[in-house]
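Examining the three-dimensional arrangement
Chain by chain, the residues:
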Amino acid sequence: MRRRGWLSFSLAAGAAVAVPWLGATAAAAGARTHRVAIAALKYVPESLTVHRGDTVVWVNNDPFPHTVTATGAFDSGPIAAGASWRFVARRAGTFDYVCSLHSNMKATLTVD
């Protein structure tokens, strides 16, 4: 299928993907979405390993705001109660992160 300005193709797994013809890149094949719950002043799980191109979604289940802050790598800013924040892991490494509002909250994201 071809649309003006778009190129469509099929992946080996049989899924059809449409990508912009110019100016954008396709999402990584096989990229996954991972969830981290923020509850009772903890990140659950406290340690998570993902692949480059994967998305991590932090969901704040506490009744007050939190952040997801890894200095120099990512910073969600305040995430309101009941809200979420998503991050696409593009750089490999191990990132220790904290809630800048509650310094006892700590966790680690590893991107391979």
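That block above? That's the structure.
First, a word on scope: everything that follows refers to the structure included in this document. (Residues numbered from 1 in each chain as written. Predicted model: local features only at pLDDT ≥ 70, side-chain atom pairs only at ≥ 80, totals over all residues. Heavy atoms only, no water.)

It is worth spelling out the nonpolar core at this point. Core analysis: the biggest nonpolar cluster contains 21 residues, and Tyr43, Trp58, Val68, Phe74, Tyr97 and Leu109 have the highest contact counts within it. At the level of secondary structure, the elements contributing two or more residues to this core comprise β3 (33–39), β5 (47–50), β6 (55–60), β9 (84–88), β10 (93–99) and β11 (102–111). In terms of residues, this core owes the most to one element, β11, which gives four residues. In contact with tryptophan 58, other than residues within four places in its own chain, are Val36, Ile38, Tyr43, Val68, Phe74, Ala83, Ser84, Trp85, Phe87, Tyr97 and Leu109. (Core = buried A, V, L, I, M, F, W, Y, C linked by side-chain atoms within 4.5 Å. Buried < 20%, exposed > 50% of the residue type's maximum accessible area, 1.4 Å probe, protein only. Helix = DSSP H or I, 4+ residues; strand = E, 2+ residues; numbered from the N terminus. Contact = heavy atoms within 4.5 Å.)

What follows is about the pairing of β3. Side chains His34, Val36 and Ile38 of β3 all project onto a buried face; the interleaved residues Thr33, Arg35, Ala37 and Ala39 project onto a face where none is buried. Alignment of β3 against β6, held across six bridges, turns out to be parallel. Opposite histidine 34, over in β6, you have valine 56 as the bridge partner. Here β3 runs beside strand β4 (residues 42–44); their pairing, made up of three bridges, is antiparallel. The residue bridging alanine 37 from the neighbouring strand is valine 44, located in β4. In this structure, the hairpin formed by β3 and β4 is closed by a connection of two residues, where alanine 40 is found at a positive phi of approximately 55°. (Pairing = 2+ DSSP bridges.)

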